[in-house]
Amino acid sequence: MRRRVIGSILDSIMGLSMMAVTAGSMMASPALAASPETGAARFSALGCGGCHAVTKPDPGMTIAQRVARKGPDLWFAGSKLRADWLKGWLPAPKAISGIRYDRLAPETNPPAHPAAPAKDVPDLTAYLMSLTDPEMPTGVVPRERPEPVGMLQGRILFSREQQCFACHRLETRAGVEAGGITGPSLEDAGRRLNPDWVYAYLVDPRRYVPVPRMPVYFGTVYSDYGKAEMLTLARYLETLAP
Ligand code: HEC
Ligand code: HEC
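Residues numbered from 1 in each chain as written. Chains lettered and ligands numbered in written order. Predicted model: local features only at pLDDT ≥ 70, side-chain atom pairs only at ≥ 80, totals over all residues.

Engineer: Tell me about the overall build of the protein, residues and numbers included.
Structural biologist: Looking only at helices and strands, the protein has 11 helices and two strands in total. Ordered by position from N to C terminus, the α and β elements of the protein give α-α-α-α-α-α-α-β-β-α-α-α-α. Counting only residues that meet the buried cut, the protein has 25% of its 242 residues in that class. (Helix = DSSP H or I, 4+ residues; strand = E, 2+ residues; numbered from the N terminus. Buried ≥ 20, exposed ≤ 12 C-beta atoms within 10 Å, placed from the backbone.)

Next up, the structure:
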């Protein structure tokens, strides 16, 4: 008798924990949660891979190979871009740069980017966020807004010492959109880009863009800046968001 009571108590505990297990696996089921695997399948089915590379290119890309690329590499998308930005942009993409990606000379009116079907956006986002650069240091750039002196240093580097705005659009303090169209717009850099990636990119642009069109500011070739200046710029860009 006693054994049966204990047995039925055990049964109900087991039953409860089985229910918990079932509920847990239902929550993790692909129908409810975004899945990078489904995202990868949708990425190829939608033809995204026709324009975007998702594996790191071999070193030594030629200019002809660069021009043959239709869109930016996405092998480090999860290190570069933010999930919330992707979720908003993929179903309703707006031009980021003002010139065609597959031209080296300026040619305006790039074709509109294909919109991803809304139902695929969570899986595509999970997939793109899973594509990271394992060698990129993280936790390098502080997320807080810099002190006024840091903001000033950033502004001086970006707009006085260098004319970054000659190629990059941004919103001025007066709320006016200004700047060139050769490079990607930086007006919402603080929402679109991961500051650790911005820093890694400014220190070693060729790692991410093997045939760059942007001057390399880090090092002695062009401007003789060090890591401190690149950090100041990364922190400054993090504050840009309309
Ligand atoms: C016809 C070529 C083409 C196809 C197809 C295409 N893309 Fe793109 N994609 C581009 C170009 C070009 C850009 C750069 C746009 C700009 O700078 O304005 C871009 C930009 C992006 C970006 C931003 C990358 C960054 O680093 O800023 C993401 C993310 C992206 N595409 C994802 C996708 C996904 C997902 C699909 C499939 C649903 C897709 N693309 C299909 C050409 C393409
Ligand atoms: C001569 C034009 C030019 C100037 C000047 C320039 N850039 Fe760029 N920048 C580009 C282009 C073009 C790209 C896209 C990558 C490439 O093709 O090299 C880019 C990419 C970037 C990116 C990555 C954005 C993205 O979405 O991929 C950042 C961040 C950036 N530049 C910051 C800067 C900063 C900071 C300065 C000034 C210190 C600067 N740029 C000056 C042309 C320029």
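Next, the rest of the story.
Engineer: Now, about helix α6 (residues 121–130): what can you tell me, with residues and values included?
Structural biologist: The buried fraction of α6 is high, at seven of 10 residues. Burial in α6 covers these residues: V121, D123, L124, T125, A126, Y127 and L128. Looking at the buried residues of α6, the elements they touch are α2 (36–45), α4 (77–80) and α5 (83–89). (Contact = placed C-beta atoms within 7 Å.)

Engineer: Run through the site of ligand 2, naming residues and quoting values.
Structural biologist: The immediate surroundings of ligand 2 are formed by 20 residues, with C164, C167, G183, P184 and M214 found nearest. Contributing elements (two or more residues each) for the shell around ligand 2: α9 (195–203) and α11 (227–238). Tallied by class, the residues present in the shell around ligand 2 amount to 14 nonpolar, five polar and one charged. (Near = placed C-beta within 6 Å. Nonpolar A, V, L, I, M, F, W, Y, C, P; charged D, E, K, R; others polar.)

Engineer: Give me unusual backbone geometry: which residues, what numbers.
Structural biologist: The residue D224 is not glycine, and still its phi comes out positive at about 60°. C-beta crowding within 10 Å serves as the criterion here: with 10 such atoms nearby, D224 is assigned to the exposed category.

Engineer: Outline the packing of α9 against α11, supporting the account with residue identities and numerical values.
Structural biologist: In the contact formed by α9 and α11, the axes pass within 9 Å of each other and the chain directions differ by 140°. In this structure, the crossing between α9 and α11 has a hand that is right-handed. Facing P195, V198, Y199, L202 and V203 of α9, the residues of α11 in contact are K227, M230, L231, L233, A234, R235, L237 and E238. Taken together, the residues of the contact of α9 with α11 sort by class into 10 nonpolar, no polar and three charged. (Axes fitted to C-alpha atoms, helices over the stretch in contact; angles between N-to-C directions. Left-handed = near helix turned anticlockwise from the far one by under 90°.)

Engineer: Please set out the packing of α2 against α6 residue by residue, giving values where relevant.
Structural biologist: It is at 7 Å that the axes of α2 and α6 come closest, and there the two elements cross at 100°. Considered as vectors, α2 and α6 are oriented roughly perpendicular to each other. Contact residues: α2 offers P36, T38, G39, A40, R42 and F43, while α6 offers D123, L124, A126, Y127 and S130. For the contact of α2 with α6, the per-class residue count stands at six nonpolar, three polar and two charged. (Parallel < 35°, antiparallel > 145°, perpendicular 65-115°, else oblique.)

Engineer: Now, about the nonpolar core: what can you tell me, with residues and values included?
Structural biologist: L128, V198, Y199, L202, M230, A234 and L237 are the most contacted members of the largest nonpolar core, which totals 41 residues. Within the residue set of this core, elements represented by two or more residues are α2, α5, α6, α9 and α11. When residues in this core are grouped by element, the largest group, seven residues, is from α9. Among the domains, domain 1 (36–130) and domain 2 (148–238) are the pair contributing at least three residues each to this core. Each residue touching A234, except ones within four places of it in the same chain, is listed here: V141, P195, V198, Y199 and L202. (Core = buried A, V, L, I, M, F, W, Y, C linked by C-beta atoms within 7 Å. Domains from an automatic or database assignment.)

Engineer: Please provide a residue-by-residue account of the environment of P111, values included.
Structural biologist: Mapped onto the elements of the fold, P111 is located in the loop between α5 and α6. Overall, the presence of 10 C-beta atoms within 10 Å leaves P111 in the exposed class. Sequence separation between P111 and Y101 is 10 residues; the distance between their C-alpha atoms is 9.7 Å.

Engineer: Can you lay out the environment of K56 for me, pointing to particular residues and giving the numbers?
Structural biologist: Tracing the backbone shows K56 in the loop between α2 and α3 (63–68). Linking K56 and D133, residues 77 residues apart in sequence, is a C-alpha distance of 9.2 Å.

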